[in-house]
Amino acid sequence: MDFKQGYNRWLTEEKVEAGLKAELEQLTDEKEIEDRFYKNLEFGTGGLRGKIAAGSNRMNVHTVGKATQGLATYLLKHKKQPSIAIAYDSRNMSKEFADTAASVLAANGVKVFLYPSLRPTPMLSYTVRHLETDAGIVITASHNPKIYNGYKVYGNDGGQITDEVAKEILNFIDETDVFDGVHTMCLKEAEEKGLLEYITEEVDKAYYNKVATLCIRKDLIKEKASGLKIIYTPIHGSGNIPVRTMLKKLGYEQVDVVKEQELPDGNFPTAPYPNPEDKAVFELAIEMAKQTEPDLIFGTDPDCDRIGVVVKESATSYKVLTGNQVGILLSDYILNARREMGLLSEQDTIVKTIVTSDMVKPIAAHYGTQVMDVLTGFKYIGEKIKEFGETGANNFVFGYEESYGYLSGEFVRDKDAVIASVLIAEMALYYKEQGKNLYEALEDLFQQYGYYREDLISVEMEGKDGQEKIAAILSALRDNTPVDVNGVKIATVEDYKLSTRYNCLEGTQETIYLPTSNVMKFILEDGNWFVVRPSGTEPKMKIYLSIIGKDLEDANVVLNNFKKQVLAVIGVN
Ligand SMILES: O=P(O)(O)OC[C@H]1O[C@H](O)[C@H](O)[C@@H](O)[C@@H]1O
């Protein structure tokens, strides 16, 4: 795409929104202009995600309008009178983009159900199922910094759209001219014509009632919840009301919210990177904890699909558990509680992703249950829930990713930090009754199943050059496959692009039955592994590492060494 042509068109086109045009007129840096116009913002299975700014490769009312026009065309092709639910989070421009999407859909005759105020992403997933709409949209860039926004599309099953559907929608988007091809209707007119309805509290209530059904040790909660001291931070996002409502409903009376991070604010003033993976977002919560000594500290990201848990490690130090560690704790807790309640069955299945720790495997084996691996992305876990519903061969009990996403139950088909907060509170309460905090409970699991440790290295690679560099690194790994890491042989190479699992020791190969993706996984003879993949949501290459140590200290040493060795193998430093 000739970026100069695109730039000139946006400069001269009448329909360009005045603020965006003014922004474009100010641009002088040729590289910046190229990056904004060398392509259209990509629409993939994750929908759109990009910087909020003017340009064809940016998030703005025009690119959102174009994507929505493509989506409307897709819906109308498959259904005579389609309907859709729309939610948005606390980000800058989220409400505006939600309104733009509603306006375009209504103009195309699609019936829109729009939330009147911010809601978590998982509540949209629920709403699609509850209102039986044909699709859903959430405006959010999840945990990304404030300059980003995004647009995720859901199917009528409440899960994020599949690769196939995304491709079909993309074709319609590509056929749409960003200015002349997008229909719009003012929202007032849409309401009058019955094409727009605002979603009422009835849906919130139905969702809260469903979440309450996921508690396992119900008596324990009834008797003891009021004694658990919790510090919670919504990190300026959409979790504040739903998480507190749920905790209150269940009887957790002692919930202190971090005041400075309580209210929605798209500038994330106290947490520039509003990601519960980042310890910095918990600094204020930890300060509070030093005064009040709570039993549990946790925080949810802006669209409340991710959750981070902080534990007290020693008298003075607090630590954010990794996504893997919370997943391990919850997996064991859920299976154990199900066993105690007589609910456990061989069909019980935990679904995780290929970049998530394998420590859950011996745990599931201990309870006689199963673990299934899928590609990175919660949509693949959502797809499994759907498949289990169809075949009846498995019973979905829990799904999680190392990236701080968890889900139990079947009425939501995406990671849900409201649900996770309720489960984590119940788990903390259970261990409190045993005289342990979550850190001690985790230590017990390590002792029983092995000292699994994981790490994630994210290498920033911005723009077009960055994309090319990541592709080149993966090609090099594919073409000149490493044979060892510091003398330890690589036993298995999984290439998810070619769908092959190669046993390097025996020279045999089998097929991987997962959708294709440009991901390489290397499993060493000693069971340690690393994975390389491009992030689908940020300009980053991600390297995931997993090792098993003899004890906590050994695991730290092994992990540190492994990190250096793997970086050397990949040729990144
Ligand atoms: O592709 P990445 O940047 O690693 O992000 C991967 C993550 O993207 C989104 O947040 C999805 O909802 C997650 O399910 C997924 O894990």
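Computed from a prediction, not measured in an experiment: that's the story for all the values here.

1. Concerning unusual backbone geometry
Right, so step 1: A positive phi angle, near 50 degrees, is found at N486, a position not held by glycine.
Right, so step 2: Mapped onto the elements, N486 comes out in the loop between β17 (484-485) and β18 (488-495).
Right, so step 3: The exposure class of N486 is exposed, given the 12 C-beta atoms found within 10 Å.
Right, so step 4: Positive phi values are uncommon outside glycine, yet S499 reaches one of about 60 degrees.
Right, so step 5: Looking at the element boundaries, S499 is found in the loop between β18 and β19 (500-503).

2. Topic: helix α12 (residues 283-292)
Right, so step 1: A285, M288 and A289 are the residues of α12 that are buried. The arc that holds the buried residues of α12, viewed along the axis, is 105 degrees, so those residues lie on one side. Residues of α12 that are exposed and angled more than 90 degrees away from the buried face: E287, K290 and Q291.
Right, so step 2: Those residues of α12 that are buried are in contact with β7 (229-233), β8 (254-257), β9 (296-300), β10 (307-312) and β11 (318-320).
Right, so step 3: Residue E293 follows α12 closely and has a positive phi angle near 50 degrees.

3. Quick notes on the site of the ligand
Right, so step 1: Lining the immediate surroundings of the ligand are S142, T376, G377, F378, E401, S403, G405, S535, G536, T537, E538 and K542.
Right, so step 2: For the shell around the ligand, the per-class residue count stands at one nonpolar, eight polar and three charged.
Right, so step 3: Of the residues that make up the shell around the ligand, three or more belong to each of domain 2 (209-449) and domain 3 (451-570).

4. Focus on the domain arrangement of the protein chain
In many analyses, interface size is given as the accessible surface area lost on bringing the parts together.
Right, so step 1: Here the protein chain is partitioned into domain 1 (3-199), domain 2 (209-449) and domain 3 (451-570).
Right, so step 2: Here the C-alpha centre of domain 3 lies 35 Å away from the C-alpha centre of domain 1.
Right, so step 3: Each side of the interface is counted separately: domain 1 has seven residues, and domain 3 has six residues.
Right, so step 4: The class makeup of the residues in the side of domain 1 that touches domain 3 is one nonpolar, three polar and three charged.

Parameters at a glance
Residues numbered from 1 in each chain as written. Predicted model: local features only at pLDDT ≥ 70, side-chain atom pairs only at ≥ 80, totals over all residues. Helix = DSSP H or I, 4+ residues; strand = E, 2+ residues; numbered from the N terminus. Buried ≥ 20, exposed ≤ 12 C-beta atoms within 10 Å, placed from the backbone. Arc of directions from axis to C-beta. Contact = placed C-beta atoms within 7 Å. Near = placed C-beta within 6 Å. Nonpolar A, V, L, I, M, F, W, Y, C, P; charged D, E, K, R; others polar. Domains from an automatic or database assignment.

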